[in-house]
Each structure stands twice: as C-alpha cells, then as structure tokens.
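# Coordinate inspection notes
This is what each chain is made of:
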Amino acid sequence: MKKLSARRRHPMAAFVVLLLALLGSGALYSAFAPADKAKADETAQSLTIEEGKKLYAVGCASCHGTGGQGSSDGPSLIGVGSAAVDFQVGTGRMPAATSQGAQVPRKKVIYTQAQIDQLAAYISSLGAGPTIPTKAEYGPEGADIAKGGELFRTNCAQCHNFTGKGGALTKGKFAPTLEGVDPKHIYEAMQTGPQNMPSFGDGTMSVQNKKDIIAYLNAVNGDETENPGGLELGGLGPVSEGLFAWIFGLGALIAVAVWVAARTAKAKKS
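An account of the accompanying structure is given in this report. Every chain begins its residue count from 1, and numbering advances along the sequence as written. Whole-chain, interface and lining totals are the exception, using all residues; otherwise, since this is a predicted model, local features are given only for residues with pLDDT of at least 70 and side-chain atom pairs are given and counted only at 80 or more. Hydrogen atoms and water are omitted, and side-chain values are computed over all heavy atoms in the structure.

## Regarding the overall build of the protein
Note the threshold: To qualify as a helix, a DSSP run of H or I must reach at least 4 residues; to qualify as a strand, a run of E must reach at least 2; elements of each kind are numbered from the N terminus. Burial classification: accessible surface area is computed with a 1.4 Å probe over protein chains only, and a residue below 20% of its type maximum counts as buried, one above 50% as exposed, and the rest as partly exposed. Note on contacts: a residue pair is in contact if any heavy atoms of the two residues lie within 4.5 Å. Reported accessibility uses the Shrake-Rupley method at a 1.4 Å probe radius. Residues are deemed covered only where the shown protein chains occlude them.
Within the protein, the secondary structure is distributed over 12 helices and two strands. Start at the N end of the protein and walk to the C end: the helices and strands fall as α-α-α-α-α-α-α-α-α-β-β-α-α-α. Here the protein holds 270 residues, and the buried ones make up 29% of them. Considering only contacts in the protein between residues 6 or more positions apart, those separated by 24 or more positions represent 60%. Surface summary for the protein: the accessible area is close to 17,500 Å², and the carbon and sulfur share equals 63%.

Here it is as structure tokens:
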C-alpha cells in the first residue's frame, strides 16, 4: 500500500491520468459523435430530392418548366414550399387533366405518399416556402371548437357555406366541400391558398386558430353528428331551405286548394 501511495504521489501521475482521460473522451466522442448521423441524414435527403426530381421531370415539367420556373401552361413552383405540393398532389388535383375547366377539381391520387414526399422535397429545394404541417398542428388536441366555428363563419363561410358543404363562385368556379377532407390538407389549403382561395399564413391566422377551424369542421361534419333541427336539406343554408319551402310547401297548398275547388264544383253539379 505504501508503494502504491508513493506511485500516486509521483509528479507524472497527474499528467498520466489527464492523458488517459483525454484519450478516453476522444474515443467516446468518435464512437458516438453525431457527425455520421448528420451525414447520413444529409445523404438520405439528397437521395429523396434526386428521386423527386426524376418524378417531376416525368409528371410536372411539361407544364411547370424543367426547373420549376413555370410556363404558359403552369405557374412557377419556386418558393411554393412542400405544403403546396402535398396538398395539390395529395388531393389528386395535380397532375391536372389535359382538358382543364374553370378550376382543377379533386380526383383520384396517382402517387404514393412516399412519392409525394419526394416531389415535395425537390420543390422545396428550389426555394423556401410553407412546410408540410405536423399532426400536432392540425390535430384535435387543445382545439377550441366554438372559437373555430366563429373563425370559420367570419373567414370561410362566404364561399364554403357555414358547415363547409361548398358553394358556387363566379365564372364556373366553385368552393369545394370540406366534408371528408383530410385535416392535414385543410391546414395546407389555409397555408397556401390554392386556386381561388386566399392564403392564411401564420402572420394572418395563427397555428392555434387553424387548429380550431379544423376541429369545428370535424365536429359539424363528423359521422356521429346529429342535427338538432331535423332534416338539414344538405346544410346549404337559408336560400336552399327557403326554395324548398316555396316549391314543396306552397306547391302542396296550391294542390290542396285545387283539389278542394274541384270537389266543390263537382258537388254543386251533382
């Protein structure tokens, strides 16, 4: 024990211990350093962008240009961000049909979600823009349905109807129904403002406000929603309900009046 204590008091002991500690730290850092993971992530992202570029060249470049700069057949995609790609391609609106009408309608999706992500990564590499939202941003947790209804009626009901059933616009255009639409796509539509819709960026409408609106739409269009007023007549509002009353209600009264008059005249003749 005395010999061991003497060795510990040796002038070089502290230096040796420090050297061993540095060597151990270096070895641990080399083993667990995040550089390799970061490099792997960067490589994976580069591959995703490259695959997206290939998909773009086949399905999108003919209208939007070889570098996303746009053409007479399609707008520029530089700076639109991944959210716009996920919405347009994820709802089947893009690629558009050869013969286009007043606006591009929702249709069957032809790409897988993995391919949509690759396209979105490539478009994002051309210029920064709104990104695909996370579930925490559009999920129901922490949402205020009443506030969402107030916001929707103020900002959206003029076109989409007060329950999101959709409605007609000018020159053959229309506001599509929001019933059955993925909450992620509703959020992305508010972010990017597709076609005739204005955009509601985070500076105009907060993430929480968008979450509230989505929760309201889920509440009024859910499968288990019951209408306390009875038959909703499509939920299209007072115009359609008033028209129904005039055509069927007033029509029924006229029919009854004609029947009574005919019966009375027949009774007098007999």
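## Some words on a nonpolar patch on the surface
Threshold: Patches draw on residues past 30% relative accessible area with no salt bridge. Two like charges within 9 Å are joined, as are two nonpolar side chains (Val, Leu, Ile, Met, Phe, Trp, Tyr) within 5 Å. Each reported salt bridge corresponds to a side-chain nitrogen of Lys or Arg within 4 Å of a carboxyl oxygen of Asp or Glu.
Together, Leu 243, Phe 244, Trp 246, Ile 247, Phe 248, Leu 250, Leu 253, Ile 254 and Val 258 line one region of the surface with nonpolar side chains, adding up to about 970 Å² of accessible area. Note on placement: Phe 248 falls in helix H12 (residues 238-269). Residue classification places Phe 248 among the exposed positions, given a relative accessible area of 52%.

## Points about the nonpolar core
A general trend in soluble globular proteins is that nonpolar side chains are found buried together. Stated precisely, the cut-off is as follows: Definition of nonpolar core: a set of buried residues of the types Ala, Val, Leu, Ile, Met, Phe, Trp, Tyr and Cys, connected through side-chain atoms within 4.5 Å.
Judged by nonpolar contacts, the single largest core of 16 residues is most densely connected at Phe 152, Ile 186, Met 190, Met 205, Ile 213, Ile 214 and Leu 217. Secondary structure elements with two or more residues in this core: helix H8 (145-155), helix H10 (183-192) and helix H11 (207-221). In terms of residues, this core owes the most to one element, H11, which gives four residues. Apart from the residues within four sequence positions on either side, Ile 213 is in contact with Gly 148, Leu 151, Phe 152, Met 190 and Met 205. Tyr 56, Cys 60, Ile 116 and Tyr 122 belong to the second-largest nonpolar core, a separate cluster that totals 13 residues.

## Thoughts on the side chain of Arg 93
With respect to the helices, strands and loops of the structure, Arg 93 is situated in the loop between helix H5 (81-90) and helix H6 (113-126). Setting aside chain neighbours within four positions, we find Arg 93 in contact with Phe 87, Gln 88, Val 104, Pro 105, Arg 106, Lys 107, Pro 176 and Gln 195.

## Some words on the pattern of salt bridges
If you walk through the whole model with that rule in mind, you get four salt bridges. The partner of Lys 54 in a salt bridge is Glu 51, and the shortest N-O contact between them spans 3.5 Å. In this pair, Lys 54 and Glu 51 both sit in helix H3 (residues 35-59), three residues apart, roughly one turn of the helix. We classify Glu 51 as partly exposed; its relative accessible area is 35%. For the salt bridge of Asp 86 with Lys 184, the shortest nitrogen-to-oxygen distance reads 3.2 Å. Remark: Lys 184 occurs in helix H10 and Asp 86 occurs in helix H5; sequence separation between them is 98 residues.

## Let's talk about H6
The condition is simple: Here the expected length of a helix is defined as 1.5 Å per residue gap, with one fewer gap than residues.
With 14 residues, H6 should reach 20 Å at 1.5 Å per residue; the first-to-last C-alpha distance of 20 Å fits that figure. Looking only at H6, the buried set comprises Ile 116, Leu 119, Ala 120, Ala 121, Tyr 122 and Ile 123.

## Points about unusual backbone geometry
Going from Met 94 to Pro 95, the amide bond is cis rather than trans, its omega being -5°. Looking at the element boundaries, Pro 95 is found in the loop between H5 and H6. Positive phi is not limited to glycine here, since Asn 161 has a value of about 75°. Given the relative accessible area of 9%, Asn 161 is considered buried. Residue Lys 171 is not a glycine yet carries a positive backbone phi of 55°. Counting through the fold element by element, Lys 171 comes out in the loop between strand E1 (167-168) and strand E2 (174-175).

## As for the packing of H10 against H11
We count it as follows: Inter-axis angles, ranging from 0 to 180 degrees, are taken between N-to-C directions of lines fitted to C-alpha atoms, where helices are fitted over the stretch in contact. In what follows, roughly perpendicular refers to angles from 65 to 115 degrees, roughly parallel to angles under 35, roughly antiparallel to angles over 145, and oblique to any angle outside these ranges. By definition, turning the near helix anticlockwise from the far helix through less than a right angle yields a left-handed crossing, and turning it clockwise yields a right-handed one. Residue polarity is assigned by list, with Asp, Glu, Lys and Arg as charged and Ala, Val, Leu, Ile, Met, Phe, Trp, Tyr, Cys and Pro as nonpolar; anything else, Gly included, falls into the polar class.
Where H10 contacts H11, the axes come no closer than 10 Å and their chain directions differ by 135°. In terms of orientation, H10 and H11 fall into the oblique class. H11 is crossed by H10, and the crossing has right-handed handedness. Residues Pro 183, Ile 186, Tyr 187, Met 190 and Gln 191 of H10 lie in contact with H11, whose contacting residues are Val 207, Lys 210, Ile 213, Ile 214, Leu 217 and Asn 218. Grouping the amino acids of the contact of H10 with H11 by side-chain chemistry returns eight nonpolar, two polar and one charged.

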